[in-house]
Structures are given as C-alpha cells and as structure tokens.
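Coordinates in review
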Amino acid sequence: AAALDVIGSHQTRGKKWAILADMLELGPLELDFHRALAPKIKSSGVSQVFLFGERMKSLVEELTREKFSGTVIHFDSIDELTKAATLQLSRGDTC
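First, a word on scope: everything that follows refers to the structure included in this document. (Residues numbered from 1 in each chain as written. Predicted model: local features only at pLDDT ≥ 70, side-chain atom pairs only at ≥ 80, totals over all residues. Heavy atoms only, no water.)

Notes on the pairing of strand β2 (residues 48-52)
Looking along a regular strand, one sees side chains alternate from face to face of the sheet. Threshold: Relative accessibility decides the category of a residue: with a 1.4 Å probe and only protein chains considered, values under 20% of the type maximum give buried, values over 50% give exposed, and everything between is partly exposed. Runs of H or I in DSSP of at least four residues are treated as helices and runs of E of at least two as strands, each being numbered from the N terminus. A pair of strands counts as paired when DSSP detects no fewer than two bridges linking them. A crossover counts as right-handed when, viewed with the strands pointing away from the observer, the path leading from the first strand over the helix to the second turns clockwise.
Counting buried positions along β2 gives four out of five residues, so the element sits mostly inside the fold. In terms of strand pairing, strand β1 (residues 17-21) meets β2 through five bridges, oriented parallel. From the neighbouring strand, I19 faces β2, where its bridge partner is F50. Pairing of β2 with strand β3 (residues 71-75) involves five bridges; the strand directions are parallel. Directly across from L51, in β3, lies its bridge partner H74. Following the chain from β2 across helix α4 (residues 57-65) to the adjacent parallel β3, one finds a crossover that is right-handed.

Regarding α4
It helps to recall that an α-helix has 3.6 residues per turn; residues three or four apart then point in one direction. To keep things clear, this is the line we draw: Read the arc as the range of directions from the helix axis to the C-beta atoms. Here a residue-residue contact requires only that any non-hydrogen atoms of the pair lie within 4.5 Å.
Residues of α4 that are buried: S58, L59, E62 and L63. Buried residues of α4 fall within an arc of 135° about the axis and therefore sit on the same side. Facing away from the buried side of α4, by more than 90 degrees, are the exposed residues E61, T64 and R65. The elements touched by buried residues of α4 are β1, α2 (30-35), α3 (37-44), β2 and β3. Once α4 ends, the next one or two residues include K67, with phi positive near 55°.

Side note on the side chain of D22
The condition that has to hold: Within 3.5 Å is the distance limit for a polar contact, defined as a pair of N or O atoms, with the added protein rule that one can donate a hydrogen and the other accept it, and that residues adjacent in sequence qualify only through two side-chain atoms.
Relative to the helices and strands, D22 resides in the loop between β1 and α2. For D22, a relative accessible area of 19% translates into the label buried. Side-chain polar atoms of D22 contact the backbone nitrogen of E54, separated by 3.1 Å.

Geometric descriptors of this kind do not, in isolation, establish any biological role.
Structure, rendered in structure tokens:
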C-alpha cells in the first residue's frame, strides 16, 4: 500500500501502473486485505493494473465492483504478466 502512495505522489509523463502479486501468510482476513487495496489504487492515479495470484482475484472483483475506470488484467502465470508488461510499458510510465 505504501508503494501506491509513492506512485500517487509521483508526477509522470506516462501512465501509472500497479503490478501486484498475492500477499501471502496474512491469516484468515487475507482476502479482505487484498480487496482493501482497491481504494488506494483508485486514489493513486493508477490507470493500469496487472495482477497475479489466486488471492488477487478478490482485488479484481473489488475494483470491478467499485467501477475502477482503468484497465485491470489478472494473469494466471507470472510469465504471461511479465511478457504483457514488457510489451505495454512505455518510456515515462511509472510502476
């Protein structure tokens, strides 16, 4: 969440990205913690969200429920995410 605060305060010429994977070992409220990232993402100015991991599917659902206006893509493999990010990130983008 602190990284989203930094991205939010950073001026950029390009897009702001959040590229996130599952947070592990958070106990019985782990899905709640994943969903709780949605307001931070929305307020940070991020427009592109790439996610990986089973727990991050709950964040996809929350961002959809909150009508996040940016792009949200969940990847089933880290290799797919890496390939997509490599192709889409541009000079001037922040992530």
